[in-house]
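# Examination of the molecular architecture
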Amino acid sequence: MVPVKRSSLLVAPLLASQLASGCVEPGVCAGTDLLQVQTVDEESDEMRRFRAECSPISLRIFDASDRAIPFSDAQWMAKVHHIDLSGRGGRRFRHTVLDGKNVGHLMGE
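Residues numbered from 1 in each chain as written. Predicted model: local features only at pLDDT ≥ 70, side-chain atom pairs only at ≥ 80, totals over all residues. Heavy atoms only, no water.

## Some words on the overall build of the protein chain
When helices and strands are counted, the protein chain shows five helices and six strands. Element order for the protein chain, N to C, with α for helix and β for strand: α-β-β-α-α-β-β-α-β-β-α. Across the 109 residues that make up the protein chain, the buried fraction comes to 36%. Considering only intrachain contacts with a sequence separation of at least 6, the fraction spanning at least 24 residues in the protein chain is 53%. On the protein chain, roughly 6700 Å² of surface is accessible, and the fraction owed to carbon and sulfur atoms is 54%. (Helix = DSSP H or I, 4+ residues; strand = E, 2+ residues; numbered from the N terminus. Buried < 20%, exposed > 50% of the residue type's maximum accessible area, 1.4 Å probe, protein only. Contact = heavy atoms within 4.5 Å. Areas by Shrake-Rupley, 256 points an atom, 1.4 Å probe, with all protein chains shown as cover.)

Next up, the structure:
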């Protein structure tokens, strides 16, 4: 058995945390878990997790015609079809939204 250095023991929990939020490399959130959701409840959970683990985030919302929707539009939750999102590390990705109310979780609502 090879002795494990103390510094190696500290890296494992950090790496596990980053991988849990969909990080593909340390410090970069890629949303891989969010891209794999299949239900509204899974999407809700993953959007909350992404916000908690990948802040600061950048978010833009779009309708089905790929037109940007301003958050000032009172009906944005009903109109949203997909989002462009990036978190820590700046890797941008597109997610097709299952329920517009879930997008509010990314904004802390």
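Still more ground to cover, so stick around.
## Focus: unusual backbone geometry
A cis amide bond, omega 5 degrees, links Ser 55 with the succeeding residue Pro 56. Positioned with a positive phi, Asp 66 is a non-glycine residue whose angle comes to about 70 degrees. Its location among the elements puts Asp 66 in the loop between β3 (58-62) and β4 (68-69). Classification of Asp 66 as partly exposed rests on a relative accessible area of 41%.

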